[in-house]
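# Coordinates in review
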Amino acid sequence: MLVNLKEILKIAEADKTAIGMFNATGFDSLQAVVGAAEELNQPVIIAHAEVHNVYNDISMVGPAMVAVAKNAKVPVCVHLDHGTSLDMVYKALRLGFTSVMMDASALPYEENLRLTKMIVEAAHAMDVSVEAELGRLVTGEAGSGENHAEMKAEDFYTDPQEAEAFCKETGIDALAIAFGTAHGFYTAQPKLDFDVVKNVAKATGLPLVMHGGSGVSEEGFKKSIANGIRKINYYSYMSKAGYTAAKTVIESGKTNYLHDVEYAAMQAMKEDVKKAIKVFSNK
Ligand SMILES: [Zn+2]
């Protein structure tokens, strides 16, 4: 069942849980994520990140995502993750995505505001939800092991007053915040500032989004959810689970078929996604 982000996050708000967003970079991950959600009978968000467009172009993977969501037994939102170019955001809207993230967080505040507002107007007219980001996460979506030790993450945490004004002015449906998580793989356990979550949730009254969910402890997830996180973006560890399973099959020497490798990767990703959904949904 295809739903938009606003609708799916209402379920999370009512249950005081969070919905997992998983990047479906191709058919293996698409099957893994929706299969996991159906097995657990839980809603899920499948996403195409603009940085993953080199692996599978949105014009090919997008229609498949929408079709899979429509046929799913559970509510599924089809989301554009980190849309940084207007071109990609409009492509997602045309393809029937039910949610887009306009990520202009690297731009000055006024520019972020202007672009986000413009996309909200277009998206809402099509019943599509919009996520935006305020504050900065210290790595890019594809980043793994980048060293930003010279930057102090706290300097980029989302400010509650600024968030309140931004949400009011733009009319967005969900806000991605910076409170200590990072994209990619963590080299040390992240320190999360739950007061930032609590204060931004109170100031905006909106569902909040955690990016960089891979590697956060179960306790970290639970506390984040208790303070107002309603969407959790999770990808790196799922991808790693698929990678490890693929490597095992290849090294076993038992097959020369790529489909055996892909199938093993899909199953391993499905198990990893199930674990994540269970934590996020309190099941
Ligand atoms: Zn992200």
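On a predicted model such as this, the values are computed, not experimentally measured, just so you know.

### Comments concerning the overall build of the protein chain
The helix and strand inventory of the protein chain stands at 10 helices and 8 strands. Dimensions of the protein chain, computed from C-alpha atoms along their principal axes, come out at roughly 60 × 40 × 35 Å. For the protein chain, the share of sequence-separated contacts (at least 6 apart) that also reach a separation of at least 24 residues comes to 72%. Summed over its atoms, the accessible surface of the protein chain is roughly 12,900 Å², and 53% of this surface lies on carbon and sulfur atoms. Distance between charge centres in the protein chain, computed from 27 positive and 36 negative side chains, equals 6 Å.

### Things to note about the confidence of the model for the protein chain
With 95% of its residues at a pLDDT of 70 or more, the protein chain has an overall mean of 93. Note that residues 140–148 has pLDDT below 50 and, in this model, 18 contacts with residues that lie over four places away or in other chains.

### Quick word on the environment of Ser-105
Residue position: Ser-105 is located in the loop between β4 (99–102) and α5 (109–125). Taking relative accessible area as the criterion, Ser-105 reaches 12% and is therefore assigned buried. Considered as a pair, Ser-105 and Ala-174 are 69 residues apart in the sequence and their alpha carbons are 14 Å apart. For Ser-105, the residues in contact, after removing those within four places along its chain, are Asn-112, Glu-133, Gly-135 and Arg-136. At 3.4 Å, the side chain of Ser-105 and the side chain of Glu-133 are in polar contact.

### Some remarks on the packing of helix α3 (residues 58–71) against helix α4 (residues 86–95)
Close contact between α3 and α4 brings their axes to 10 Å; oriented N to C, the two are set at 40°. When the axis of α3 is compared with that of α4, the two are oblique. Both α3 and α4 take part in a crossing whose hand is right-handed. Touching Ile-58, Ser-59, Pro-63 and Val-66 of α3 are Met-88, Lys-91, Ala-92 and Leu-95, all from α4. Of the residues assigned to the contact of α3 with α4, the class counts are 6 nonpolar, 1 polar and 1 charged.

### Things to note about helix α9 (residues 236–252)
The end-to-end C-alpha distance of α9 is 24 Å, a good match for the 24 Å that 17 residues give at a rise of 1.5 Å each. Within α9, the full set of buried residues consists of Ser-236, Met-238, Gly-242, Ala-245, Ala-246 and Val-249. Its buried side turned inward, α9 meets β1 (19–23), α2 (27–40), β8 (229–234) and α10 (258–280). Of the residues one or two after α9, Gly-253 is the one with positive phi, at around 70°.

Reading the values: rules and limits
Starting afresh in each chain, residues are numbered from 1 along the sequence in its written order. In view of the model being predicted, local features appear only for residues whose pLDDT reaches at least 70, and side-chain atom pairs are presented and counted only at 80 or more, with totals across whole chains, interfaces and linings using the full set of residues. No hydrogens and no water enter the side-chain calculation; it runs on all heavy atoms of the structure. Secondary structure follows DSSP: runs of H or I at least 4 residues long count as helices, runs of E at least 2 residues long count as strands, and numbering of each begins at the N terminus. Contacts are assigned to residue pairs that have any heavy atoms within 4.5 Å of one another. Computed by Shrake-Rupley with a 1.4 Å probe, the accessible areas treat only the displayed protein chains as cover when residues are assessed. The convention is simple: Lys and Arg are positive, Asp and Glu are negative, and His and the chain ends are not counted. Charged side chains are reduced to one point each, which is NZ for Lys, CZ for Arg, CG for Asp and CD for Glu. On a range of 0 to 100, pLDDT expresses the predictor's confidence in each residue. In this scheme, a residue with accessible area under 20% of its type's maximum is buried, one over 50% is exposed, and one in between is partly exposed, where area comes from a 1.4 Å probe on protein chains only. In protein, a polar contact requires one atom able to donate a hydrogen and another able to accept it; more generally it is a pair of N or O atoms within 3.5 Å, and residues adjacent in sequence count only if both atoms are side-chain atoms. Where helices are involved, their axes are fitted lines through C-alpha atoms of the stretch in contact, as for all axes, and angles between N-to-C directions lie from 0 to 180°. Put simply, angles under 35 degrees are roughly parallel, angles over 145 are roughly antiparallel, angles from 65 to 115 are roughly perpendicular, and the rest are oblique. Less than a right angle of anticlockwise turn of the near helix away from the far helix marks a crossing as left-handed, whereas a clockwise turn marks it as right-handed. Think of it as three bins: nonpolar holds Ala, Val, Leu, Ile, Met, Phe, Trp, Tyr, Cys and Pro, charged holds Asp, Glu, Lys and Arg, and polar takes everything else, Gly as well. Expected span of a helix: the number of residues minus one, times 1.5 Å.

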